[in-house]
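Residue-level listing of the chains:
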Amino acid sequence: MVQLSIYEQLSFCTARIETEDASGNGYSGTGFFFSLKVKDKNIPLLVTNKHVVRGMRKGRFLFTIADANGNPDYVNHFTFDVDGTFETMWKFHPHDDVDLCVLPIAPLLNAAIAKGKHLFYRTLGEELIPDDTDKSNLDAIEDIIMVGYPNGLWDQVNNMPIIRKGITATNVSLDYNGKKEFLIDAACFPGSSGSPVLICNIGGYTDKHGCMRMGTPRIHLLGILYAGPQMSVTGDLKVVTVPESQQKAISVSSIPNNLGFIIKSERLLDFKLMFESLV
């Protein structure tokens, strides 16, 4: 098996989600693979936003196939199509104001195996969620990356996502406006909803006190993009979920200002209670 770099592995942590509503309108969003530990068992999940799947009649996921040696076969893909029951497959976060939902992917993996296909993907684990100590060591501004499918764009031939770079726009250790959220300064476009936002320092980093930590990697799953503010030509500011601007009827006078609202990754741990009865 070929040894992939950390950045190469992060390119396989997401899946493009294509959806269609009852009127036949098509949309796209981002999901990422996450391993939730429940009673000493790891449950593989696909994570995205509620608004990506709500009201959607059809859905499609695209996976990369693993070759005989367990390496990614970039140009060969496996597609899952769901018709009629797409929305009901997902488990929604119990709080209405938390725009997260998850899909257990074991049935999808087993369906692929039954057809003689092994899928290549990488999961983000709970160990990447920063705890209180980790967050206390983060500075007010940190470099971040975001993996997803802005405007539905991706490398169609190789099934690769688009990776964007930016910075935290508010302090991650604080709850923005009293919610388990923070802001990033990055280009956030339709299709990016559900994108994981990470700190990924491979060869080292500078801590908040200015000390160089050479050779010490630091990887944190900070959160999940779900919305962004947009400015109208009249100066009114409105926070909209990212796919809302995918709709063809949206006014061209709505201008995104390259800020993204991020749900803190610790909210993923709220799903544990849902799965305890199933393990």
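The structure under discussion appears in the preceding block.
Definitions and cut-offs
- Residues numbered from 1 in each chain as written.
- Predicted model: local features only at pLDDT ≥ 70, side-chain atom pairs only at ≥ 80, totals over all residues.
- Heavy atoms only, no water.
- Helix = DSSP H or I, 4+ residues; strand = E, 2+ residues; numbered from the N terminus.
- Buried < 20%, exposed > 50% of the residue type's maximum accessible area, 1.4 Å probe, protein only.
- Contact = heavy atoms within 4.5 Å.
- Polar contact = N/O pair within 3.5 Å; in protein donor to acceptor, adjacent residues only side chain to side chain.
- Patch = residues over 30% accessible without salt bridge, like charges linked within 9 Å, V, L, I, M, F, W, Y side chains within 5 Å.
- Areas by Shrake-Rupley, 256 points an atom, 1.4 Å probe, with all protein chains shown as cover.
- Salt bridge = Lys/Arg side-chain N within 4 Å of Asp/Glu carboxyl O.
- 1 Å grid on protein atoms, 1.4 Å probe; cavity = no way out; pocket = protein on both sides within 12 Å on 5 of 7 lines; lining within 4 Å.
- Points joined across faces, edges and corners; volume = space filled by probe spheres on them.
- Nonpolar A, V, L, I, M, F, W, Y, C, P; charged D, E, K, R; others polar.

K.L.:
Account for the side chain of T14, with residues named and values stated.
P.N.:
Within the element layout of this structure, T14 appears in strand 1 (residues 14–21). Its relative accessible area of 8% is what places T14 among the buried residues. Sequence-distant contacts of T14, that is, excluding residues within four places in its chain, are made with T30, G31, F32, F33, V147, Y149, P161 and P196.

K.L.:
Summarise the environment of Y226; cite the residues concerned and give the values.
P.N.:
Its place among the elements puts Y226 in strand 16 (residues 218–232). Side-chain polar atoms of Y226 contact the side chain of E181, separated by 3.0 Å.

K.L.:
How would you summarise the environment of V53 if you had to cite specific residues and measurements?
P.N.:
Checked against the element boundaries, V53 lands in helix 2 (residues 50–53). The sequence separation of V53 and F92 amounts to 39 residues, and the corresponding C-alpha distance is 10.0 Å. Apart from the residues lying within four places of it in its own chain, the contact partners of V53 are T48, F86, E87, W90, F92 and C101.

K.L.:
Can you tell me about a nonpolar patch on the surface, naming the residues and giving the values?
P.N.:
Together, I6, Y7 and I202 line one region of the surface with nonpolar side chains, adding up to about 230 Å² of accessible area. Take Y7: it is sitting in helix 1 (residues 6–10).

K.L.:
Tell me what's going on with the environment of D270, and back it up with residues and numbers.
P.N.:
Positionally, D270 belongs in the loop between strand 19 (259–264) and helix 5 (272–276). Take D270: its relative accessible area is 28%, and that puts it in the partly exposed class. Considered as a pair, D270 and P94 are 176 residues apart in the sequence and their alpha carbons are 8.1 Å apart. A polar atom in the side chain of D270 sits 2.8 Å from the side chain of H93.

K.L.:
Residue-level account of empty space enclosed by the protein, with values.
P.N.:
Over the atoms rolls a probe the size of a water molecule, and its path tells where empty space is left. For the structure on display, the rule yields two cavities of 30 Å³ or more. When its volume is computed, the largest cavity comes out at roughly 70 Å³. Taken together, 13 residues line the largest cavity, and the ones lying closest to its centre are F12, T14, T64, F120 and N159. Within the lining of the largest cavity, the residues separate by chemical class into nine nonpolar, four polar and no charged. Here the second largest cavity defines a volume of roughly 40 Å³. Lining the second largest cavity are P130, K135, V172, L222, K264, S265 and E266. Its residues assigned to classes, the lining of the second largest cavity shows three nonpolar, one polar and three charged.

Purely spatial values, then, with no claim about function.
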